[in-house]
Amino acid sequence: MVSIQRFHSTNRLSEIAIYNGVIYLAGQVPEATIQESAYEQTKEVLSFIDKLLSEVGSNKSRIINAQIYLADMDYYDEMNRAWDEWVDTTSPPTRATVEAKLALPDWKVEIVITAAA
């Protein structure tokens, strides 16, 4: 049986889980830019993703799928501007973007990533 590795775990969740060569990141949300624009929040969230993937020996070129949750679809262009500046254009992942009520009212974006180890 293949074991599951978990990183940065609390009683509620793990920030990273790896199973069978696939990395699953918990939804990443802004911290320092909580009062900023969707563009700034997205940039911060993408930097968290870079850090977490690097920690387990992967990177954005290995992302398989991204699920993006926006508090309001009016943020779509701002989020895409940050995404387009960041994404590895030689190996872009599949992606879905939806509007969703996020857990905190100041969050404009949350991103969930699945990547290859």
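Preceding block: the structure.
Conventions adopted
Residues numbered from 1 in each chain as written. Predicted model: local features only at pLDDT ≥ 70, side-chain atom pairs only at ≥ 80, totals over all residues. Heavy atoms only, no water. Patch = residues over 30% accessible without salt bridge, like charges linked within 9 Å, V, L, I, M, F, W, Y side chains within 5 Å. Areas by Shrake-Rupley, 256 points an atom, 1.4 Å probe, with all protein chains shown as cover. Salt bridge = Lys/Arg side-chain N within 4 Å of Asp/Glu carboxyl O. Helix = DSSP H or I, 4+ residues; strand = E, 2+ residues; numbered from the N terminus. Buried < 20%, exposed > 50% of the residue type's maximum accessible area, 1.4 Å probe, protein only. Phe/Tyr/Trp six-rings, centres within 6.5 Å; stacked < 30°, edge-to-face > 60°. Lys NZ or Arg CZ within 6 Å of the ring centre and 35° of its normal. Contact = heavy atoms within 4.5 Å. Polar contact = N/O pair within 3.5 Å; in protein donor to acceptor, adjacent residues only side chain to side chain. Expected span 1.5 Å × (residues − 1). Core = buried A, V, L, I, M, F, W, Y, C linked by side-chain atoms within 4.5 Å. Pairing = 2+ DSSP bridges. Axes fitted to C-alpha atoms, helices over the stretch in contact; angles between N-to-C directions.

A. Representation of a nonpolar patch on the surface in the model. Taken together, V2, I4, Y19 and Y24 make up a surface patch of nonpolar side chains, about 360 Å² in accessible area. Examined against the element boundaries, Y24 turns out to sit in strand 3 (residues 22–25). Given the relative accessible area of 40%, Y24 is considered partly exposed.

B. Structural detail: the packing of aromatic side chains. Enumeration according to the criterion identifies one aromatic pair in this entry. Where W83 meets W86, the ring centres are 5.2 Å apart and the plane angle is 55°; that geometry is what we call tilted. Taken together, the residues W83 and W86, both in helix 2 (residues 76–86) and three residues apart, mark about one turn of the helix. A residue is classified by how much of its surface remains accessible, and W83, at 5% relative accessible area, is buried. It is R95 that lies over the ring of W83; its NZ or CZ is 5.2 Å from the centre.

C. The environment of E85, seen in detail. Structurally, the position occupied by E85 is in helix 2. For the pair E85 and T114, spaced 29 residues apart in sequence, the C-alpha to C-alpha distance is 20 Å. Those residues within four positions of E85 in sequence are excluded, and the remaining contacts are Y39 and K43.

D. The arrangement of the environment of S37 in detail. If you trace the backbone, S37 turns up in the loop between strand 3 and helix 1 (38–55). Given a relative accessible area of 28%, S37 falls into the partly exposed group. On a C-alpha basis, the gap between S37 and P93 in space is 24 Å, while along the polypeptide they are 56 residues apart. Once you skip the residues sitting within four places of it in the chain, S37 turns out to touch E78 and K108. Polar side-chain contacts of S37 include one of 3.1 Å to the backbone nitrogen of E40.

E. Just helix 1, in detail. For helix 1, with 18 residues, the first-to-last C-alpha span of 26 Å sits near the 26 Å given by 1.5 Å per residue. All buried positions along helix 1 are accounted for by A38, Y39, Q41, T42, E44, V45, L46, F48, I49, L52 and L53. Buried-residue contacts for helix 1 involve strand 1 (4–9), strand 2 (14–19), strand 3, strand 4 (63–70), helix 2 and strand 6 (109–116). At the C-terminal side of helix 1, G57 shows a positive phi close to 80°.

F. Spatial organisation of the nonpolar core. Core analysis: the largest hydrophobic core is formed by 22 residues, its most contacted members being I23, L25, I49, W83, I111 and I113. Contributions of two or more residues to this core are made by strand 2, strand 3, helix 1, strand 4, helix 2 and strand 6. Those residues in contact with L25 that lie beyond four places of it in its chain are E15, I16, I49, L52, L53, V112 and I113.

G. Local environment of the sheet that holds strand 5 (residues 94–99). Strand order in the open sheet made by the six strands is 1-2-3-6-4-5, with mixed pairing throughout. One side of each edge strand has no neighbouring strand; the edge strands of this open sheet are strand 1 and strand 5. Neighbour-to-neighbour, the strand axes of the sheet open up by a mean angle of 10°, direction not taken into account. Alignment of strand 3 against strand 6, held across three bridges, turns out to be antiparallel. Paired with I23 across the bridge in strand 6 is A115. Across the face of the sheet, helix 1 comes into contact with strand 1, strand 2, strand 3, strand 4 and strand 6 while running at roughly 25° to strand 6.

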